[in-house]
Amino acid sequence: MNCDQIRRAGTGRAVLMAVLAVMGLAVPAVMAGTVPPVTEKVPVICATCECLGTVPFDVDCTTTELREVPDLSVNNFTFPWELDFANNIIYEVPQLPLLHNLLSLSFKRNHVRKIADGAFMNLPDLKDLSFQFNNLTEESLLEDVFKGNYNSTYPEPLPLEKLDLSYNNIRSLRRNALRHLPFLKHLFLSHNPIEDITWNMAAAITELHSLEELDLSQTGLNRLPSHFLADLTKLRVLTLAGNQFTSVPSEVQYAHTLVHLNLNANPIVTVMAGDFQEGLSTLQVLEMSAMPALRNVGVNAFTSLRGLQVLKMSDNPQLSVIDRKAFRVTQDDDLALQQIHIQNNNLMVLEEELLPWLALTYVDIQNNPWNCDCNFRWVAETLLPDLEAKNPQTTLSILCAEPIADRANRVADLLGRAHTFECGAPRPFVSEEGHYGVLIVSSIVVGVLLLFTGTLVFTYVLFRRTRTRQMFGDSVKYRRAYNDDVDTMNQTVHS
C-alpha cells in the first residue's frame, strides 16, 4: 500500500466514524478518542477513493487513474451517498452491482464509449447520472442501457430524474433510446454535433413525458422539427443558445408550458411582430444576449408575451433600435415585466414610452453609446434617481457618447453639474461623423450606375449610325433646277 492509499484509507476511516457517531452508532471508545478495530466496517471503496463526510456522503474517486470501474459489490451504504468517477480513463461501464441509497453517479471526463445493457438497473435510488465529456455516440445508447429492474410481476423503471450527455459525439438518438426513463425531468445534450434533429431523435425525446428541462445548446441546429415540442406538456426550460437560428424558431409556440427560453448567441438579425406567438403566454424569462447580428427590435415584438417578467437582451454589439411600441399591450392586459437587461448594446436613444420604467424592479442600461441630448433628459432626471435608489450598481457605467463635449462622461456626473441636456442646431452634413455614410455610398453607387448607363446608350447610338453608313454609303440630296427648266421651256414655245 503506497502513501496515497494509506492517506485515503485513514481519511475514509475517520470520516466513517464521524458519520457513525452522528447516526448514534459509534462505540464509546470513539468518543474517547481511541480507534476501535472497525476495519471490516469501512467500505472497501474508501481505500481507493476519498470518502468525505458530507450530506449526502461523498465518495470521491476523481483523478485516481482508474481504467475500469472497481468492484463495488462489497460496498453497501445505509445512508444516502454519491459516487464520482470524474477525470479517469474509463472506457466502458459494466452492469453495476446492487447499491442501495446511491443518489448520484458521475463519469464526467472519461473516455466512455460503451455502456452495458442494464448498467444501472441495480441502482434503485439513482436520481442523477452524468456522462459529460466522453466519447458516447448513438451506438453507445442502445434501447436497454437505461433499463430498470424489470421482472415478470412488477416493472421497476429507473427513478432517474437528471441525465447529462453533453460534450460527447452524439449525432442522433435511436427511437427507443430513452424509453426506460419515465421520470426523467432534466436532459442535457449540449455540445454534441447533432446539426439536425432526426425523426428518431425527436421521437426519443418526446417520449419523455415528465421532461421539464431540455438543453440543446451548441449543437449546430438551425431548425426544430414540426410540432417537436407539442408532446412535452411539462417542459419549462428550453435552451437553444449558440446555434444557427436566423429567426425565432416558430416551433417554440407549441411549448405551452414554457417558462424560460434561452436563445443567446444565435445569428438572429431582427425581432418583429409574430416571432413570439400567443402559445407562449406562460413564458416568464427570455434570453437574447450575445447575438452578433441582432440589429433591431420592431413594433409589437413582445406584445404576445403577456407573462414575460425578465428580458435579458445584452451584449449585442449591433443592436441599435428598440421600437417604442415593442412592448405595446392592449387595454385589457397589464405588463408583467419586472426586469430588463439591455446593457452593452449599441443603443443611442432610450424611448420613455417603451416601458413603465419606474414600475420595474431592475433596469440595466449601462455601456451603451447614449446621445445625451434633450431626448435623454428624462433618463438623467427621472430614471437615474430611481435606479440609484433600487440598484445603484447599475448606474456606474451609464456614459455619454454624444455630443462630443460630453463624451465618456457619466450621466450622474453631468446631472450633478446641472447639465442642461439641450438639443443643439443640426450640424452640417459633412460633420455628421459617419451618420450619413450609407447615404453617401448609395449616392455614389447610383451616380456610377447612371454614368455607366448613359455611356452605354451613347455608344449604342454612335454604333448604329456608323453601321448605317457602312451599309448604304453617304446619302446624296438632289435639288431640281427649277428656274433653268422654265426658261428653256419658254424659249422653246416662243421660238
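You'll find the structure just up there.
Calculation notes
Residues numbered from 1 in each chain as written. Predicted model: local features only at pLDDT ≥ 70, side-chain atom pairs only at ≥ 80, totals over all residues. Heavy atoms only, no water. Helix = DSSP H or I, 4+ residues; strand = E, 2+ residues; numbered from the N terminus. Buried < 20%, exposed > 50% of the residue type's maximum accessible area, 1.4 Å probe, protein only. Contact = heavy atoms within 4.5 Å. Areas by Shrake-Rupley, 256 points an atom, 1.4 Å probe, with all protein chains shown as cover. Pairing = 2+ DSSP bridges. Salt bridge = Lys/Arg side-chain N within 4 Å of Asp/Glu carboxyl O. Expected span 1.5 Å × (residues − 1). Bend = angle between axes of the 7 residues up to and from the residue. Disulfide = S-S within 2.5 Å. Phe/Tyr/Trp six-rings, centres within 6.5 Å; stacked < 30°, edge-to-face > 60°.

For the protein, the count of helices and strands is 7 helices and 21 strands. Here the protein holds 495 residues, and the buried ones make up 41% of them. The contacts in the protein between residues at least 6 apart in sequence include a share of 61% that link residues at least 24 apart. A total of about 26,600 Å² of accessible surface is found on the protein, and carbon and sulfur atoms cover 54% of it.

Every second residue of strand β3 (residues 81-84) is oriented toward a common face, the buried set being W81 and L83 and the non-buried set E82 and D84. Pairing geometry for strand β2 (residues 57-60) and β3, over 4 bridges, is parallel. Bridging across to β3, V59 finds its partner in L83. Two strands pair when backbone bridges link them, and β3 and strand β5 (residues 102-106) are joined in this way by 4 bridges, in the parallel orientation. The residue bridging D84 from the neighbouring strand is S106, located in β5.

Before going further, it helps to spend a moment on the sheet that holds strand β17 (residues 321-322). Taken together, the 3 strands give an open sheet; going across it, the order is β13-β15-β17, and neighbouring strands pair in parallel fashion. Single-partner strands in this sheet number two, and they are β13 (270-271) and β17. Both β13 and strand β15 (residues 296-297) contribute to a ladder of 2 bridges, which runs parallel. Along β15, the bridge assignment pairs T270 with N296.

Next up on the list: the pattern of salt bridges. On inspection of all chains with the given rule, the structure shows 10 salt bridges. E143 is the salt-bridge partner of R179, the closest N and O atoms lying 2.6 Å from each other. On the criterion of sequence distance, the pair formed by R179 in the loop between β8 (162-164) and β9 (186-188) and E143 in the loop between β7 (128-130) and β8 is long-range, its members being 36 residues apart. In this structure R179 comes out as partly exposed when scored by relative accessible area, which is 41%. Using a relative accessible area of 33% as the deciding quantity, one classes E143 as partly exposed.

With that out of the way, let us pick up the environment of V297. Among the structural elements, V297 can be located in strand β15. Classification of V297 as buried rests on a relative accessible area of 1%. The spatial distance from the C-alpha of V297 to the C-alpha of V321 is 6.2 Å, given a sequence separation of 24 residues. When residues no more than four places from it in sequence are discounted, the contact partners of V297 are V271, F302, M313, L319, V321, I322, D323 and A326.

Across its 14 residues, helix α4 (residues 377-390) extends 20 Å between first and last C-alpha, which sits within 8% of the 20 Å expected from 1.5 Å per residue. Of all the bends in α4, the greatest, near 40°, is centred on L383, and the proline P385 appears no more than four residues after it.

Turning our eyes to something else, we now look at the side chain of S190. Looking at the secondary structure, you find S190 in the loop between β9 and α3 (199-206). A relative accessible area of 6% places S190 in the buried class.

We now examine the state of the cysteines. Enumeration over the complete set of coordinates arrives at 4 disulfides. For C372, the disulfide goes to C400, at an S-S distance of 2.0 Å. Given an S-S torsion of about -100°, the disulfide between C372 and C400 has left-handed geometry. Taken together, the residues span a long stretch of sequence, with C372 in the loop between β20 (370-371) and α4 and C400 in strand β21 (residues 400-402) at a distance of 28 residues. Like C372, the residue C400 is buried in the burial classification. There is a disulfide in this structure between C374 and C423, and the S-S distance comes to 1.7 Å. Disulfide C374-C423: torsion about the S-S bond near -85°, hence left-handed.

Moving on: the packing of aromatic side chains. Summed over all chains, the structure comprises 13 aromatic pairs. Ring geometry for F57 against F79: centres 5.4 Å apart, planes inclined by 75°, an arrangement best described as edge-to-face. Taken together, the residues F57 in strand β2 and F79 in the loop between β2 and β3 connect sequence positions 22 residues apart. Across the pair, exposure class does not vary: F57 and F79 are buried alike. An angle of 35° between the planes, with centres 5.0 Å apart, marks the rings of F302 and F327 as tilted. Here the residue F302 occupies a position in the loop between β15 and β16 (310-312), and F327 occupies one in the loop between β17 and β18 (339-341), the gap between them amounting to 25 residues.

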